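As a plain string of letters, each chain reads:
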Amino acid sequence: MKIICIGRNYAEHARELNNPLPAKPVFFMKPDTALLPPHNPFFLPDFSNDIHYEVELVLRICKHGRSIEDQYAHKYYDAIGVGIDFTARDLQAECKQKGLPWEVAKAFDFSAPVSKFLPKEQFTSPGNINFGLKINGEWRQRGNSKDMIFGFDRIIAYVSQFVTLREGDYIFTGTPEGVGPTHIDDRFELFIEDQLMLAFNVK
Ligand code: MG
């Protein structure tokens, strides 16, 4: 399976990192080795001094498809979860400055913890889902999918022009504002609405 991640999909987050608003979706990928195995802590890697958290809604792809039209895109995901797109912000800044690819900053091992998934039918409107991240019991990020620049269907249609989607793939759909640094002994709790979806510790 593969993990596709959308960048700069919430206007306030693009602004906090001084990025322009994109005219079309920006995406990059993480390998399956970026998943954090269940019940494992996240170990801060030693190659970065500034690992940022980004909480994001995650779509689970349920059907093989390429060049999917927007109007049919909703049929290609069947469940929604929440995850963290861990980012080595110091390495990413260097990549951006030099015009280099982002893999060292984004695709590293265990950089994509993902929660359990809830069936899509459980949501009355995929375009209006609250989600968020608490660290050590305090809210650090809270978002709603209505604030996405590109909605789920547009993301699926756009990405599938370039990359075939397969059953079991994940799509991270972008982070709202409030990203920040991760510290040893932090306790992460990820929510969809009021439901605790995933919890893990940082070591
Ligand atoms: Mg992200």
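For clarity, every value in this text was computed on a predicted model and none was experimentally measured. (Residues numbered from 1 in each chain as written. Predicted model: local features only at pLDDT ≥ 70, side-chain atom pairs only at ≥ 80, totals over all residues. Heavy atoms only, no water.)

Chemist: Describe the overall build of the protein chain, naming the residues involved and giving the relevant values.
Modeler: A tally of regular secondary structure across the protein chain gives 4 helices and 13 strands. For 203 residues, the compact-globule formula gives about 17 Å, and the C-alpha radius of gyration of the protein chain, at 16 Å, lands near that figure. When the accessible surface of the protein chain is split by element, carbon and sulfur atoms take 49% of a total near 9700 Å². (Helix = DSSP H or I, 4+ residues; strand = E, 2+ residues; numbered from the N terminus. Rg over C-alpha atoms; globule rule 2.2 N^0.38 Å. Areas by Shrake-Rupley, 256 points an atom, 1.4 Å probe, with all protein chains shown as cover.)

Chemist: Please give an account of the layout of surface pockets that cites residues and values.
Modeler: Within this model, the largest pocket holds a volume of roughly 240 Å³. As for the largest pocket, its lining consists of 13 residues, and the residues nearest its centre are Leu36, Pro37, Pro38, Val114 and Leu198. Broken down by element, the residue count for the lining of the largest pocket peaks at 3 residues, all from strand 13 (residues 195-201). (1 Å grid on protein atoms, 1.4 Å probe; cavity = no way out; pocket = protein on both sides within 12 Å on 5 of 7 lines; lining within 4 Å. Points joined across faces, edges and corners; volume = space filled by probe spheres on them.)

Chemist: How would you sum up the side chain of His52? Please name residues and give values.
Modeler: Within the secondary structure layout, His52 lies in strand 3 (residues 51-53). In contact with His52, not counting residues within four places along its chain, are Asp85, Phe86, Thr87, Arg89, Val179, Gly180, Pro181 and Thr182. (Contact = heavy atoms within 4.5 Å.)

Chemist: Which residues make up the coordination of the magnesium ion, and what values do they have?
Modeler: For the magnesium ion, every protein donor is listed as Glu54 (OE), Glu56 (OE) and Asp85 (OD), and the spread of their distances is 2.0 to 2.1 Å. In primary sequence terms, the donor set of the magnesium ion follows E-x1-E-x28-D. Pair noted here: Glu54 is in the loop between strand 3 and strand 4 (55-61) and Asp85 is in the loop between strand 5 (77-84) and strand 6 (87-88), with a separation of 31 residues, a long-range link. Summarising the burial analysis for this pair, Glu54 and Asp85 share the class buried. (Donors = N, O, S within 2.8 Å, 3.2 Å for Na, K, Ca; no water. Buried < 20%, exposed > 50% of the residue type's maximum accessible area, 1.4 Å probe, protein only.)

Chemist: Help me get a handle on helix 2 (residues 89-98), residues and values and all.
Modeler: Along helix 2, the residues classified as buried are Arg89, Leu91, Gln92 and Cys95. Along the long axis of helix 2, the arc covered by the buried residues comes to 155°, so they all point the same way. Helix 2 presents Gln97 and Lys98 as exposed residues on the side facing more than 90 degrees away from its buried surface. Looking at the packing, one finds that the buried side of helix 2 touches helix 1 (11-16), strand 3, strand 6 and helix 3 (103-106). (Arc of directions from axis to C-beta.)

Chemist: Break down the sheet that holds strand 4 for me, citing the residues and quoting the values.
Modeler: Two modes of strand pairing occur in sheets, parallel and antiparallel, and in both the strands are linked by backbone hydrogen bonds. Read across the sheet, 6 strands follow the order 2-1-10-4-5-7 without closing on themselves; strand pairing throughout is mixed. Looking at which strands have only one partner, the edges of the open sheet turn out to be strand 2 (26-30) and strand 7 (118-119). The sheet contact formed by strand 1 (residues 3-7) and strand 2 spans 5 bridges and is antiparallel. The partner of Cys5 across the bridge, within strand 2, is Phe28. (Pairing = 2+ DSSP bridges.)

Chemist: Break down the side chain of Gln92 for me, citing the residues and quoting the values.
Modeler: Checked against the element boundaries, Gln92 lands in helix 2. At 2.9 Å, the side chain of Gln92 and the side chain of Arg89 are in polar contact. (Polar contact = N/O pair within 3.5 Å; in protein donor to acceptor, adjacent residues only side chain to side chain.)

Chemist: Requested: an account of the pattern of salt bridges, with residues and values cited.
Modeler: Taken as a whole, this structure holds 10 salt bridges when the rule is applied. Each of Lys30, Glu54, Asp85, Arg89 and Lys106 takes part in salt bridges that share partners, so that together they form one network. (Salt bridge = Lys/Arg side-chain N within 4 Å of Asp/Glu carboxyl O.)

Chemist: Before we move on, can you summarise empty space enclosed by the protein with the specific residues and values?
Modeler: Over the atoms a probe the size of a water molecule is rolled, and this reveals where empty space is left. Taken as a whole and judged by the stated rule, the model has 1 cavity of 30 Å³ or more. Here the largest cavity defines a volume of roughly 110 Å³. Elements represented by at least two residues in the lining of the largest cavity include exactly strand 1 and helix 2. Residue contributions to the lining of the largest cavity peak at 3 residues, all from helix 2. Looking at the lining of the largest cavity residue by residue, the classes come out as 4 nonpolar, 6 polar and 7 charged. (Nonpolar A, V, L, I, M, F, W, Y, C, P; charged D, E, K, R; others polar.)

Chemist: Tell me about the pairing of strand 12 (residues 187-192), residues and numbers included.
Modeler: When you tally the buried positions in strand 12, you get 5 out of 6 residues, the bulk of the element. Examined bridge by bridge, strand 12 and strand 13 share 6 bridges and lie antiparallel to one another. Residue pairing for strand 13: Phe188 is matched across the bridge by Phe200. Here strand 12 folds back onto strand 13, and the loop between the two strands holds 2 residues, one of which, Glu193, carries a positive phi near 50°.

By themselves, these observations are geometric and do not establish any function.
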